Every structure is written in C-alpha cells, then in structure tokens.
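This is what each chain is made of:
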Amino acid sequence: MTYRVLLADDQALLRGAFRMLLESAGDITVAGEAGDGREAVRLARELRPDVVVMDIRMPEVDGLAATAEICADPDLRDTRVLILTTYETDEHVARALRAGAGGFIGKGIGAEELADAVRTIAAGDTLLSPAATRSLVARFLATPDDPPAGESERLALLTPREREMVALVATGLSNQEIAERMFLSPFTVRAHVQRAMTKLEARDRAQLVVVAYRTGLARVTP
C-alpha cells in the first residue's frame, strides 16, 4: 500500500527535507505541498491525501485552524491530520486534539519515526504517548467546554467491554498493549475500539480520547 501525503509548512526548505525523508520510505508519496493553512485546506479537498502533515505557525491561516476545517469537512473524513511542529506546548496539543488532529509530534523526529507516524495516523490511530495523554488531556480536556449535544447519551450505547476499551485507549495504550493486558488478540481489540468510535461518532482515536475524558469515562489520575 502506498500512502499519499500533503505537506503543509511555510518553509520551503523544510518541506523539501520532509519530502525527501518520507519518499525514501518507499511506501509513501508526497502528493502536494502547501505554504499556509488556506492552501492546505484547498489542496486537501483537491488531492484527498491519506495524511496531511501540518505545521502550526503559518501565515494567513495557521495549522490549527486549517486542521479544524479539514476535520470538519465530511468529504475529507478519510483524510487524517498529523501535526508536526517545533511548538510542542500543552495548549497547542490540546487545541490540535479538539480540532480533530490524529497525532502531534515534534520536528526533531527521525526519518523512520516520521514514516511510521504517517502510517499510524493513516490507520486511524493516535501518536500520543501515555505520558502525553495523561498530562495534556487531564489538564485541558477533563474540564472542557460543554460537550456536544447527545454525546453523553451515546456513551450509554457502549457495551461494558467497549467502555473498558475506550478507557484504556484514553490512557494512551496501543491496540497491541491493550491486547497484551487483556489477554485478547489485537484484532479483537481493534474491532471493539472501532465499534466504540462508530457509536460515539469519534473521527479517530485522538477524538475517542477527548470523548472519554469529556464524558467522564476516563478520569484524571493524580
């Protein structure tokens, strides 16, 4: 399988470096490049990439605003956003998650890690580590704005096993780690998580984490 990527960064030199790193992986191709958020949204709608690798600080429209617009577009439901930035602040991570981003990583990442990040995001998973999930989601998402109408009611649609899976996802565990902890196969875990995402109308695992904390299914651990 070949993953199609759209690069959004206002520095052409960095876009060129990221293109070289990604395309050296063999199974990733860069379908386009954008120099600002507005162009990123336009090209995402035109090219329909699997993943948009998005910087935050860009002219005209920044990466967070562009992420929110892409993630809110029903025609781009299959397009995931990976935030790649030097500004790894708590506030930026929280805003990126709320906007619908599937992952958040720093620009100091290596070539192999970047390629793996694209594959992970394309598969609908999130890149937030357990530590990042606990600290960032606890701080910003445990006391958010009022949840969307009907979100708490949808929580009642989950089976006990699905609720358990969502709570574990909210700690930052991967499907493999959950499978090992619950003595299940990764396929079974993925099936439970996917059904929970459908019932809760979560776009991806990052959104599932948001819902888990917003509805109280997952709670802050001191």
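The rules behind the values
Residues numbered from 1 in each chain as written. Predicted model: local features only at pLDDT ≥ 70, side-chain atom pairs only at ≥ 80, totals over all residues. Heavy atoms only, no water. Pairing = 2+ DSSP bridges. Helix = DSSP H or I, 4+ residues; strand = E, 2+ residues; numbered from the N terminus. Right-handed = clockwise from strand over helix to strand, strands pointing away. Axes fitted to C-alpha atoms, helices over the stretch in contact; angles between N-to-C directions. Contact = heavy atoms within 4.5 Å.

A. Representation of the pairing of strand S2 (residues 28-34). As paired strands, strand S1 (residues 3-8) and S2 are joined by six bridges and run parallel to one another. Paired with Leu 7 across the strands is Glu 33, a residue of S2. Of the crossover connections in this fold, the one passing from S1 over helix H1 (residues 12-23) to the parallel S2 is right-handed.

B. Broad picture of the sheet that holds S1. A sheet is described by the order of its strands in space; here five strands give the open sequence S2-S1-S3-S4-S5, paired in parallel fashion. Only two strands of the sheet have a single neighbouring strand rather than two, namely S2 and strand S5 (103-106). Between one strand axis and the next, the sheet turns by 25° as a mean value, whatever way the strands run. The sheet strands contacting H1 are S1, S2 and strand S4 (80-85), and the helix crosses S2 at an angle near 165°. Packing of helix H5 (residues 111-122) onto the sheet brings it into contact with S1, S2, strand S3 (51-54), S4 and S5, and relative to S4 it is tilted by some 150°.

No statement about biological role is implied by the geometric values presented.
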